[in-house]
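Listed here are the chains, written in short residue letters.
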Amino acid sequence: GGEGVFLGEAAARHPSLQLHLFDLPAVAARGKAALAAKGFGDRLTVTGGDFFRDPLPTGADLISLVRVLHDHDDAPVRALLRKAHAALAPGGTLLVIEPMAGVAGAEMVGEAYFALYLLAMGSGRARTPDELAAMLREAGFREVSARPVRSPIRTGVLVARK
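Every value quoted in this text rests on a predicted model; they were computed, and no experiment measured them.

With that out of the way, let us pick up the pattern of salt bridges. Following the criterion strictly, the structure yields six salt bridges and no others. Residues E9 and R13 are paired through a salt bridge, measuring 2.8 Å at the closest nitrogen-oxygen approach. Placement of the pair is E9 and R13 together in helix α1 (residues 5-13), with a separation of four residues, close to one helical turn. Look at E9 and you get partly exposed, because its relative accessible area is 39%. Between E143 and R142 there is a salt bridge, with the nearest N and O atoms lying 2.2 Å from each other. Given a relative accessible area of 52%, E143 falls into the exposed group. A relative accessible area of 41% places R142 in the partly exposed class.

See the structure below:
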């Protein structure tokens, strides 16, 4: 979702990739314009909606949630993960790219940053990779694994299979 930055990077690296952006209608419109300006309009479907109220588009082989889960409390995150599981094609993959708690060597910095950020947001929390993996398994995912990243203080990556 968002303005399509992650989707645009994936599209540039994989020319046969079919793209589907889902976000709030106004945000989705900005993403559509940005991706079309990069020449990806012929491979792009855009759906405006609210992932708390609306069904997610179905049939994708891969769904990415980039910096989404930490902004929300546990119950809405669990509901979103169940929706993502239901929307994926059989054998599909969920990619979670998220700031995570408990980063070795950076716990104090991460805790201080997220305490202020989430106070301003009014909801959510940074979760450890183990907490997120447990939530993914509760939602029906299997083969949940963490992937190495260059800057773990900013984001971590979990991959989960349906």
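Back to the write-up after that little detour.
Below, the discussion takes up helix α5 (residues 129-138). Those residues of α5 not exposed but buried are L132, A133, M135 and L136. All buried residues of α5 lie within an arc of 160 degrees about the axis, which places them on one face of the element. Facing away from the buried side of α5 by over 90 degrees, the exposed positions are D130 and E138. Residues of α5 that are buried make contact with α3 (74-87), β4 (88-98), β5 (142-147) and β6 (156-161). A positive phi of about 110 degrees marks G140, the residue just after α5.

Reading guide: rules and limits
Residues numbered from 1 in each chain as written. Predicted model: local features only at pLDDT ≥ 70, side-chain atom pairs only at ≥ 80, totals over all residues. Heavy atoms only, no water. Salt bridge = Lys/Arg side-chain N within 4 Å of Asp/Glu carboxyl O. Helix = DSSP H or I, 4+ residues; strand = E, 2+ residues; numbered from the N terminus. Buried < 20%, exposed > 50% of the residue type's maximum accessible area, 1.4 Å probe, protein only. Arc of directions from axis to C-beta. Contact = heavy atoms within 4.5 Å.

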